[in-house]
Number of protein chains: 2
Amino acid sequence: MPTEPPDPATGRPAGHRTPSEPRPGRSAGSIRARVRAEMVDEIKATARRHLATDGANLSLRAVARDMGMVSSALYRYFASRDDLLTALIIDAYNDCGAAAEAADAGVADRADLAGRWLAVCHGVRHWALAHPAEYALVFGSPVPGYSAPQDTVAAAARTPAALIGVLADGHARGALADPGCDDVDPALRTDLARIRALIAPALPEALLADGALGWTQLFGAVSFELFGQLNNGVDARDAYFDHQMRRITGLLGL
Amino acid sequence: MPTEPPDPATGRPAGHRTPSEPRPGRSAGSIRARVRAEMVDEIKATARRHLATDGANLSLRAVARDMGMVSSALYRYFASRDDLLTALIIDAYNDCGAAAEAADAGVADRADLAGRWLAVCHGVRHWALAHPAEYALVFGSPVPGYSAPQDTVAAAARTPAALIGVLADGHARGALADPGCDDVDPALRTDLARIRALIAPALPEALLADGALGWTQLFGAVSFELFGQLNNGVDARDAYFDHQMRRITGLLGL
DNA sequence: ACGCGGACGAGAACACTGATCTCGACCGGA
DNA sequence: TCCGGTCGAGATCAGTGTTCTCGTCCGCGT
């Protein structure tokens with residue numbers, strides 16, 4: 001007699017049933033739930049440690065071995081290797097976003113828009129250099145079969161939101177002129193309008209587009225540096241990055 | 001008695017010996033060499049086909065199976081899976097660079113610097129959208145243990161050289177003002193000077209740095225689009241990309 | 001307080017993978 | 001012609017993700 005009922009979603013017998021909250025509705029503060037959460041955290045921690053050396057092809061078995069367990073035991077906590085990677089991706093998005101937000105918050109003079117923008121840029125780069133494997137996991141080539149679930153989008157938006165926030169604040173202070181784009185594709189205008197409604201309702205579309213430009217430039221620069229595209233070319237990484245970010249700052253009118 | 005001598009480089013017996021020109025000095029046009037080259041091409045072609053579906057984790061065995069061979073036979077032509085990937089990477093670099101050069105060459109009015117720059121940008125993006133797996137292989141997160149051999153740098157330089165070439169040509173025509181950077185880090189100046197000597201000796205350093213900025217922006221935008229960072233955000237991909245590239249064109253003074 | 005059901009982890013199994021080694025067979029070049 | 005080197009097949013090894021089964025054990029609801 002099977003101890004677990006057939007999965008209502010798929011219909012098949014489901015030996016182990018998809019985990020992550022094994023029973024949907026239960027007292028959240030129960031002992032079981034707490035040790036389970038601790039176990040999940042420990043798995044993610046050791047997986048992150050392996051990520052630093054093995055990159056995106058980390059081995060479930062190695063992680064389990066490192067914890068004195070057997071690989072199949074991990075399936076109690078993550079439905080698959082991709083599920084574990086997804087959890088790490090979400091954490092990395094949040095870490096990166098938190099670093100960006102903290103960098104902005106660290107600037108005392110809130111009116112120094114260029115200083116705040118540069119602080120966010122350097123904060124992101126600093127986080128990326130400190131966690132290259134997690135950065136690569138998030139901003140590198142996606143795993144072939146893998147499609148980012150909806151859970152990631154909220155976490156993914158934090159860093160661009162921090163950047164746009166600087167522009168929005170500057171605009172609110174009246175310190176930022178609208179560059180004014182007359183000939184913008186209408187389809188792009190609807191995209192910008194939708195994003196604006198979510199992030200910064202008062203920001204002119206042209207400034208939002210410029211923010212996206214800076215966002216792209218920031219991660220393009222960090223990716224080039226971390227992914228080896230600057231090897232055999234640029235050695236003064238700090239100065240190179242700073243120069244590029246300052247140039248963009250000028251373009252943005254900060 | 002072993003038919004093949006011990007590898008002089010490593011000293012170990014070397015069962016199969018590292019391939020790629022099995023015997024260094026031989027008549028280059030021999031029949032054996034020709035069929036071997038055709039075989040290498042066929043392997044790369046089927047590997048590229050698999051790359052499109054399986055991404056970076058393509059399977060040697062699957063490639064061999066697809067060719068009616070056995071996996072061990074592939075080791076006659078590539079020392080390892082990484083070696084095959086390296087060959088694909090070099091090809092991809094060259095393809096991308098060729099696309100960039102062709103796009104520039106396709107602009108009739110050589111004095112239309114902005115048009116040429118935008119043509120190169122769109123050419124690169126077009127190539128990337130047509131070959132997403134190869135793009136990811138080259139510009140995505142590098143394989144953990146993998147370190148790009150020196151062979152790749154020449155091929156890797158073609159695309160940025162095409163971009164810088166537009167600026168250098170514009171400068172030679174006197175159509176490009178030197179933005180003039182006074183406060184540039186001396187270490188970065190030496191980097192720029194070294195690159196300038198290789199690519200465009202007459203180009204002012206500030207313009208070279210701006211070219212690198214545009215180069216970064218171009219691949220940042222393409223990577224964001226291909227790696228899914230624009231999902232759930234921007235739908236008008238063409239207009240978005242074009243807008244960003246035009247904005248950079250303005251910054252560059254084209 | 002107690003007993004039961006469900007969560008847990010071990011272990012075996014399956015279908016894969018990259019890599020190595022051995023061994024015939026073949027055939028281009030001298 | 002004939003021989004040596006190249007080739008491809010097959011077996012093998014270590015390692016992987018995933019699934020399934022089966023005891024055990026303990027927190028939870030009664």
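Quantities reported herein were computed from a predicted structural model and do not represent experimental measurements.

Caption draft 1: Region of the structure containing the overall build of chain A. Counting its regular elements, chain A contains 11 helices and zero strands. Each helix (α) and strand (β) of chain A, taken in turn from the N terminus, gives the series α-α-α-α-α-α-α-α-α-α-α. Burial statistics for chain A: of 254 residues in total, 47% are counted as buried. Within chain A, counting contacts between residues at least 6 apart in sequence, those at least 24 apart form 70% of the total. Summed over all atoms, the accessible surface of chain A reaches about 12,200 Å², with 55% contributed by carbon and sulfur.

Caption draft 2: Main features of the protein's contact with DNA strand C. Around DNA strand C there are 28 residues in total, and S72 and R76 of chain A together with L60, R61 and R65 of chain B lie nearest to it. Within the side chain of R61 of chain B, one N or O atom sits 2.3 Å away from a base nitrogen of DNA strand C. Residue R81 of chain B places a main-chain N or O atom 2.8 Å away from a phosphate oxygen belonging to DNA strand C. Looking at the surface near DNA strand C, the elements with two or more residues in it are α1 (31-54) and α3 (71-74) of chain A together with α1 (31-54) and α2 (60-66) of chain B. Split into classes, the residues belonging to the surface near DNA strand C amount to nine nonpolar, 10 polar and nine charged.

Caption draft 3: The arrangement of the protein's contact with DNA strand D in detail. Among the 28 residues in the neighbourhood of DNA strand D, the closest are listed as L60, R61 and R65 of chain A together with S72 and R76 of chain B. For DNA strand D, the backbone portion of the atoms within 4 Å of the protein, that is sugar and phosphate, comes to 54%. S30 of chain A places a polar side-chain atom, nitrogen or oxygen, 3.5 Å from a phosphate oxygen of DNA strand D. L58 of chain A has a polar backbone atom sitting 3.4 Å from a phosphate oxygen of DNA strand D. Residues of the surface near DNA strand D, tallied by class, amount to nine nonpolar, 10 polar and nine charged.

Caption draft 4: Local environment of the relation of the copies chain A and chain B. With an RMSD of 0.0 Å, the fit of chain A onto chain B corresponds to turning through 180° and sliding 0.0 Å along the axis. The superposition of one copy onto the other is thereby described by a two-fold rotation axis. It is G220 of chain A whose C-alpha, among those of chain A, lies nearest the rotation axis, at 1.9 Å. In this assembly, 100% of the residues forming the interface of chain A have copies in chain B that are likewise at the interface, indicating an isologous arrangement.

Caption draft 5: Broad picture of unusual backbone geometry. Look at N232 of chain A: it is not a glycine, yet its phi comes out positive at around 55°. With respect to the helices and strands, N232 of chain A occurs in the loop between α10 (205-226) and α11 (237-252).

Caption draft 6: Highlighting the UniProt feature "domain: HTH tetR-type" (unreviewed entry) in chain A. As annotated by UniProt and renumbered to match this structure, "domain: HTH tetR-type" (unreviewed entry) occupies residues 37-96 of chain A. End C-alpha to end C-alpha, residues 37-96 of chain A measures 22 Å, and it is 75% helix and 0% strand.

Caption draft 7: Local environment of the interface of chain A and chain B. Contact with chain A, which involves 50 residues of that partner, is made by 50 residues of chain B. Roughly 4,100 Å² of surface becomes buried between chain A and chain B when both sides are summed, with 63% attributable to carbon and sulfur atoms. At the boundary of chain A with chain B, the tally comes to four salt bridges. Here the side of chain A that touches chain B is composed, by residue class, of 29 nonpolar, 14 polar and seven charged.

Caption draft 8: Examining the packing of α1 of chain A against helix α6 (residues 132-139) of chain A more closely. Residue and element names in this part refer to chain A. Two numbers describe how α1 lies on α6: the axes approach to 8 Å, and their chain directions differ by 90°. Comparing their axes, α6 and α1 come out roughly perpendicular. Residues R48, L51 and A52 of α1 lie in contact with α6, whose contacting residues are A133, E134 and L137. Taken together, the residues that form the contact of α1 with α6 break down as four nonpolar, no polar and two charged.

Caption draft 9: The arrangement of helix α9 (residues 186-199) of chain A in detail. Counted at 1.5 Å a residue, the expected span for α9 of chain A with its 14 residues is 20 Å, and the 20 Å between its end C-alpha atoms agrees. Taken together, the buried positions of α9 of chain A are occupied by L188, D191 and L192 of chain A. Across the axial projection of α9 of chain A, the buried residues extend over an arc of 95°, all falling on one side. Opposite its buried face, α9 of chain A presents the exposed residues P186 and A197 of chain A, each directed more than 90 degrees away. Each element contacted by the buried residues of α9 of chain A is listed here: α10 of chain A together with α11 (237-252) of chain B. The opening residue of α9 of chain A, the one whose side-chain oxygen lies 2.7 Å from the backbone nitrogen of A187 of chain A, is D185 of chain A.

Caption draft 10: Fine view of the packing of aromatic side chains. Scanning all chains against the criterion turns up 14 aromatic pairs over all chains. Seen in terms of ring centroids, Y135 of chain B and F219 of chain B are 6.3 Å apart; in terms of plane orientation they differ by 10°. Their pairing is stacked. A residue pair is termed long-range when its members are at least 10 positions apart, and Y135 of chain B in helix α6 (residues 132-139) and F219 of chain B in helix α10 (residues 205-226) qualify at 84 residues. Judged by its relative accessible area of 1%, F219 of chain B falls in the buried class. In textbook terms, an aromatic cluster arises when at least three aromatic residues are bridged by ring pairs, as seen for Y93, Y135, F139, W215, F219 and F227 of chain A together with F224 of chain B. Cation over ring: R125 of chain B sits above F241 of chain B, and NZ or CZ is 5.1 Å from the ring centre.

Caption draft 11: Structural context of the pattern of salt bridges. The full count for this structure, using the stated rule, is 30 salt bridges over all chains. The partner of R49 of chain A in a salt bridge is D66 of chain A, and the shortest N-O contact between them spans 3.1 Å. Here R49 of chain A is found in helix α1, whereas its partner D66 of chain A is found in helix α2 (residues 60-66), with 17 residues between them in sequence. A relative accessible area of 43% places D66 of chain A in the partly exposed class. Ionic pairing is found between D238 of chain B and R125 of chain B, a salt bridge with its closest N-O pair at 2.8 Å. With D238 of chain B in helix α11 and R125 of chain B in helix α5 (residues 113-130), this pair connects stretches of sequence that are 113 residues apart. A relative accessible area of 7% places R125 of chain B in the buried class. Residues joined by salt bridges that share partners form a network here, namely D104, R110, R116, D169 and R173 of chain A.

Caption draft 12: Structural context of the environment of A239 of chain B. Along the chain, the position of A239 of chain B falls in helix α11. Judged by its relative accessible area of 15%, A239 of chain B falls in the buried class. A239 of chain B has contacts with D185 and L188 of chain A, leaving out every residue within four places of it along the chain.

Caption draft 13: Focus on α10 of chain A. The end-to-end C-alpha distance of α10 of chain A, which contains 22 residues, comes to 31 Å, matching closely the 32 Å that a straight helix rising 1.5 Å per residue would cover. Counting buried positions over the 22 residues of α10 of chain A gives 22, a clear majority of the element.

Criteria and cut-off values
Every chain is numbered independently, its residues counted from 1 as its sequence is written. All chains are assigned letters beginning with A, and all ligands numbers beginning with 1, in the order in which they are written. This being a predicted model, a pLDDT of at least 70 is required before a residue's local features are given, and a value of 80 or more before pairs of side-chain atoms are given or counted; all residues contribute to the totals for chains, interfaces and linings. Neither water nor hydrogens contribute to the side-chain values; these are computed over all heavy atoms in the structure. A helix here means a DSSP run of H or I that spans at least four residues, while a strand means a run of E at least two residues long, and both kinds are numbered starting from the N terminus. Only protein chains enter the calculation, and the probe is 1.4 Å; a residue is then buried if its accessible area is under 20% of its type maximum, exposed if over 50%, and partly exposed in between. We call two residues contacting when some pair of their heavy atoms lies within 4.5 Å. Each accessible area is a Shrake-Rupley estimate made with a 1.4 Å probe; only the visible protein chains count as cover when residues are assessed. Being near a molecule or strand, for a residue, comes down to having at least one heavy atom within 4 Å of it. Nitrogen and oxygen atoms within 3.5 Å of one another constitute a polar contact, given that in protein one can donate a hydrogen and the other can accept it, and given that sequence-neighbouring residues count only through two side-chain atoms. Residues are grouped as follows: Ala, Val, Leu, Ile, Met, Phe, Trp, Tyr, Cys and Pro are nonpolar; Asp, Glu, Lys and Arg are charged; every other residue, Gly included, is polar. Copies overlap after least-squares fitting; the atoms used are the C-alpha atoms of residues with pLDDT of at least 70 in both. UniProt positions are given in the numbering used here, feature names are shortened, and annotations may be inferred rather than shown by experiment. Summed over both partners, the accessible area (1.4 Å probe) lost when two parts come together is defined as the buried area. A carboxyl oxygen of Asp or Glu within 4 Å of a side-chain nitrogen of Lys or Arg is what we treat as a salt bridge. To define axes, lines are fitted to C-alpha atoms, for helices over the stretch in contact only, and angles between the resulting N-to-C directions are given on a 0 to 180 degree scale. In what follows, roughly perpendicular refers to angles from 65 to 115 degrees, roughly parallel to angles under 35, roughly antiparallel to angles over 145, and oblique to any angle outside these ranges. Here the expected span of a helix is defined as 1.5 Å times the quantity of residues minus one. The directions from the helix axis to the C-beta atoms are what the arc is built from. Pairing of aromatic rings covers Phe, Tyr and Trp, the last through its six-membered ring, and needs centres within 6.5 Å; plane angles under 30 degrees mean stacked, over 60 mean edge-to-face, and all others mean tilted. Charges are assigned to positions over rings by a cutoff of 6 Å between ring centre and Lys NZ or Arg CZ, combined with an angular limit of 35 degrees from the ring normal.

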